[in-house]
Every structure is written in structure tokens, then in C-alpha cells.
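Observations on chain architecture
Letter by letter, the chains look like this.
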Amino acid sequence: MGITLASDVGGTFTDVVLTATDGRVQVAKTLTTPDDPTTGLLRGVEQVLAATGVRPQQVERFVHATTLATNVILERTGVPVAFITTEGFRSMLALGRQARVEEERYDLAYERPEPPVPLSHTFAVPERIAANGEVLRPLDEETAARIASDIAELEVEAVAICLLHSYVNPVHEQRLAEIVQAALPEGTTVVTSSSVWPELGEYERATTTLMSAYVGPVMASYLRRLGRRLRDLGITAPVHVMESAGGVLPATLAASRAVYTIESGPAAGVIAAAREGARRGLADLISFDMGGTTAKAGLVRGGRPGITHEFQVGGKGSYGGRRPGTGVPIKVPAIDLAEVGSGGGSIAWVETGTLRVGPRSAGADPGPACYGRGGEYPTVTDANLVLGYLAPDGFGEFTLSEDKARAAIEEHVARPLNVDVIEAAAAIHDIANAQMGAAVHVVTVRRGIDPRGFTLVALGGAAPTHVARLAERFGISRVLVPPKAGVGSAVGLLHADLAIERAKTFLAPVNHLLSCSESRDALGELTEVFEELERAALADLETDKAECIRAVGIRFIGQAHAFTIELPTGPITPGTLRHATDEFYKRYHESYGIELRDPAELTTARVRAVLPAGSQGPPPSAPPPGSSGTTGTRRVWLDGAMHEIPTLARDACAPGDTPSGPCVITEPQCSLLIPPGWHGTVDDHGAIVLERSTA
């Protein structure tokens, strides 16, 4: 593989990684520039190019992860959009689904959030298609034209269309899109649900289509600007964008299907964790990715990240938006993550005598108080600096001010609680650990999974500082801290495969598919659906060399939610479906603890086309020049008191070294705290594997 650049734009930091032809890696961490994220990104790109001597023209691939789509939805900064649905369903989005959780349960003045599009911009057209695809009522084209004219007067920039049962028969949606497009100015985005995600479930399909129209023009504009600025720098390599399920899309496809990129950045971290684990023969992992704004946890079992096909943007209560009714449902494949608003930049304050930490964040501007950029409120990073976990002179591209951190903690936490600064900082640190533990709890214990047999993988600038203590909370005895852990998500981008998923509703009882008299025709129809999806997926990627992985959604007849079961390669046979159904029964029992063998049905056919990136891992680490060992000491808060403990530089740790706690290992992008009772081993690739003593 040639020279690859990868960039991950987060809420606080922008990470850039360059890998050369021999696999060696150069990294940069710069502050995110919220007004124009490409500015901070280009600054990081220029730094890694200058450090390696690589000419921009030599870059062969540029891979990008961004929180843009998520931020647009959460901050409601998308384009003005109109929504059209079937007559009788105009209030669908306004009614939505609501679940009052956490503090909202007891709020007597609770106000429902505004719908994603107001009723004034919502229209209903006379038409009706049955669940079997039969046209019950033709599309009223005269009314459709009148609606298109009304929408034109609203001066919207995008239109979303979701008609009932269009996943079976899209003819009305397609014709309505033509009528609307003809009435609107050239360049107006018109999105149909049958082109975005043709699955049953009109509400989730509607919100997914709406968000695609809402975010798409913003994403397209951003990617055009990014491409233009890269070309101005001399980089003409193709731009690939991380999608939520762990693959990457060509930039043009990401612009037209922006909804696929909502979990872009967090997905890269789980891919990095899986890759690092596989290199060391570890298949069961918990990815712990803590940056400046949030902390994310994801599960890798048997070497493969978990994938969900429905999640909530802006959801509450499930630490990552997995609880229905607490956010905007998005029905596209995504790596299953739990997320909490607890990162290095999370602000600490006292409210009615209680210490609160996050989800409010200092972000990149002004950032934590210790950055010296005007931040007045204390954050988790300020607390970690005061406690001695961070090196004042070794954090990214600037130094940290302990005096400013102390002053902020004193004013906003210590004085209101009547405690000293160190105690206040320790409380902030402990609360942050507890909140991050909630994310790990969601992806393990809450789902009936014992985390003690898993390896916890630390990624992100703040994760190595907290990871060992977090492992102790769950009885986890092994922690993996990869090289360049502070930019772990960006490193994960280097290994992401080009991929796209296509799906189509295929509703059929399993017994019907297996019956002797009807099996051949039914299985033939299912095979044709898979072949159609494969052709569409390969066309998306503009290749015929990708591997196509087939899967089906299976549920008990009468239930609403399905499990996705992957199918083996080869023809679709009765044996294939029996094996898939048995796997469904097994997964159901693992998830709910109930042993059932009731009749099941297929709901969806899925195809994921994957073109491997062909990237290689970093070369084995050479022993650093000079002798490794202690590089100094520092006063650090441990077990209720300050202690003088050794500090080591990460680049002074040679393969085979065995650092033991208590100590702190520092590098420009992060700081690893090894508490008492833990010992580490540096492997041939520079990763540190921590083990907890059993005695």
C-alpha cells in the first residue's frame, strides 16, 4: 500500500496520521476549528508532511472521519427541508415516539421537543400502496403538482419523500420526486425513502430519509470545500469518508448519503481496537475511546465489532442513544456504541451543593482552563493536570498551565464544596470514571455479557489516563494501550475497508421458505433479491472486485424487532436458512435469557460489499536510542494521597520492557497512568499490555 493520510475531526481535537509505504506512522494532534473544520485539519496535514518529508503529490489515499453529520442534527443547523408523506400520515413526525428518561421523568414543566420538521413544511399526497406492493390508489399527480408549487414558495433547500409501503413498490415515490424536482430550482436536493433505506417501518424510514435530506447538502458542501483545499495543497488522492458501520465511502457517495456517516468518528476507534487485538490474538475486546468531548465504548466479540441497524441521534438514558423515543431514529447500519458526555473537556461545576461533570464541554474554543485560551471553568483535563497525571510540557502542540487549572477548580468547585483543590480535582476525576463506566456497563453487563474475560483497549487522548481504574471497576485484568493511542481513531481509519450496505424488505415465514412444495420458488425469489442488492452495492463502489456478504433479518412472528444473521457463502438452500434460524434462536437466548423455538420469519435481505483496504500494520518497533528506564519523577494522586512516582517517556520504552505501577508513561498525545498492582509489557510493535496482579 502507498502513502495514506487519515484525519479524524472531533469536537475538541483533530487528529492526523500519515503512514508511509513501509508502514511507519507520523501523527499530529491539533485543536479543532469549529467555524471551518478544514482549517485545523489542513494544519495537521501540513505538520505530518513536513515531519516526514513526503510531498503532497505522493499521497495516494486520504481517509476522513468527521462528526459533522451528528453535530448538524444535534445543533439543528441543517438546511431548510420539506417532507411529503401519504395522505393520512401528515402528523407522523409530529407525533413521533417519546420516552421520558432520567431527570425528565420528574419534570412537571417538561416540554416535548419540536419535531424535526414543522407541520407547516409537512405535506400529504393522495396515494396508497398495499403491503404486498399492489397499487390501491394511484398517485394524484394534480395534487402532487400543487404541493410541489407550495414547497417552492417555502424556498427550502431539500425535500424528503416517504410514502407508505414504498419499500415494496417505489413507483409512486419515484414519480412524485420527478414532479417535485421539476417545480424546484435546479440543484435542490430531493431524497426518497426507497433510495435511502427501503425497509418496513414507516416512522424510522421517514426520519432516516428526512435526516438524509437535512444533512446531505451540508455534507456535500463540506466535502467539496475539503477536496478543494487538499488540491490547493497539492493532494489529489481520492477522498474516502468513514461510514457508521466501520467501512469507508467515496466522498461523492458520502455526500449523497450523509446519513451513513453519523457515527463516522466513533466507528473508527472500534475498528482500530479490533485490529490491534487481532494482531495479538485477542478476539474479545471492549473499545474505550475517550477524547475531549465524549467517551465511547464498543464491543468486539470473536474479532468482529457488533453492528446495529437502528440507533438514535441525541438519545438519552441508554448512554449513546439506543433507547427508542429519546432521539431521532436512524435506520442504517452502525457499529453498536454507547456514548457518554464525559471527555477531557467536560466541564465540572457545583449545582445545589452537588458536583456535576459534563455533558457540557469546553470544546476546542476556549477549551479547558489549563489551555490558557480563555477557558474559565474547570474540566476533567484540568483535574488530571492538578492530580499529576498529565505532563504540563507534553500535551499536543501547546503546554498546560497548572496555575490556571488550580484557579478554575478553586473558584468553581473547591470553594463551593468547602474542600481543598486536590480533593476537588480527585472528585472530578472519580465522577468522570463513574460516568465512563456507565458506557462500558451498557455494552456488557446490561446486555448480559460478563466483561471480566475481555481486554479493555484504550484509544483517544484522555483514555490512557483513566483506563486502568476503569478496568478495576469491572474486574477486567488486561488492558491494551496501542502505540499512538492518543490518535487511535485516526489510526483505525488507515485500516478501514471500502464498504457499502444495501438492504431490502423480504417478509416471509421460515416454514414457508422451507416447505417442500413452495421452497424452490421462494428461495429463488430470495436469491434474486440478493443478486439485485449485490449489483447495486457493487455499482455504488464502482467495482466488481468487492466481496459481498449476505445476511438476513429474522424475528419471531408477531414481534417487531429482528436480529441480523450473516449467511455463509454459496447458494441459498433450505440448509442455509435452517442454520440461520438456529443461530437466531441462539442469539435470542443470549440476549434475553429465554429459550424459545417459536415460528420465525425473515424480514430483510442485506448485502454488504467490502473491498479490503490492503493496509499493513506498523513495523516492529526498533529499540530507542540510549537506555530505556525512568526519565524523572512526579507527584501524583493515588489512593487518597499524593505520592512521588516514576515517569517514563513512551519513546524510551523498548520492546520487552516491563514498566510496573505506580508510574506514568508520557507521550505528546496522551499520558498513561499505571496504578499500583498493575504491570505492563511492551510488545514488538510498541503497544503496552497491562496485566493486573492477582495477589
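You'll find the structure just up there.
To start, this report covers the structure provided alongside it. (Residues numbered from 1 in each chain as written. Predicted model: local features only at pLDDT ≥ 70, side-chain atom pairs only at ≥ 80, totals over all residues. Heavy atoms only, no water.)

What follows deals with the side chain of glutamate 243. Within the element layout of this structure, glutamate 243 appears in the loop between strand 11 (239-242) and strand 12 (248-250). The exposure class assigned to glutamate 243 is buried, which follows from its relative accessible area of 0%. (Helix = DSSP H or I, 4+ residues; strand = E, 2+ residues; numbered from the N terminus. Buried < 20%, exposed > 50% of the residue type's maximum accessible area, 1.4 Å probe, protein only.)

In this section: the nonpolar core. In globular proteins that are soluble, nonpolar side chains generally tend to be buried together. If you look at the biggest cluster of nonpolar residues, it comprises 100 residues, and the most contacted ones within it are Leu5, Phe83, Leu223, Met242 and Ile330. Top contributing element to this core by residue count: helix 7 (residues 202-233), with 13 residues. The residues contacting phenylalanine 83, other than those within four sequence positions of it, are Met92, Leu93, Val117, His121, Thr122, Phe123, Ala160, Cys162, Ala206 and Leu210. Ranked by size, the runner-up nonpolar core spans 73 residues in total, among them Ile422, Ala425, Ile476 and Ile674. (Core = buried A, V, L, I, M, F, W, Y, C linked by side-chain atoms within 4.5 Å. Contact = heavy atoms within 4.5 Å.)

Bringing the environment of aspartate 639 into the picture now. If you trace the backbone, aspartate 639 turns up in the loop between strand 29 (632-638) and strand 30 (641-649). C-alpha of aspartate 639 to C-alpha of proline 676: the two residues are 37 residues apart in sequence and 9.1 Å apart in space. Those residues in contact with aspartate 639 that sit more than four places away from it in its chain are Arg469 and Pro676. Reaching out from aspartate 639, the side chain makes a polar contact with the side chain of arginine 469 at a distance of 3.2 Å. (Polar contact = N/O pair within 3.5 Å; in protein donor to acceptor, adjacent residues only side chain to side chain.)

Okay, the packing of helix 1 (residues 37-52) against helix 7 next. Closest axis-to-axis distance for the helix 1/helix 7 pair is 11 Å, and the angle between their directions is 30 degrees. Of the possible angle classes, the one that applies to helix 1 and helix 7 is roughly parallel. The hand of the helix 1/helix 7 crossing is right-handed. Contacts between helix 1 and helix 7 involve Pro37, Thr38, Thr39, Leu41, Leu42, Val45, Glu46 and Leu49 from the former and Tyr222, Arg225, Leu226, Arg229, Leu230 and Leu233 from the latter. Of the residues assigned to the contact of helix 1 with helix 7, the class counts are nine nonpolar, two polar and three charged. (Axes fitted to C-alpha atoms, helices over the stretch in contact; angles between N-to-C directions. Parallel < 35°, antiparallel > 145°, perpendicular 65-115°, else oblique. Left-handed = near helix turned anticlockwise from the far one by under 90°. Nonpolar A, V, L, I, M, F, W, Y, C, P; charged D, E, K, R; others polar.)

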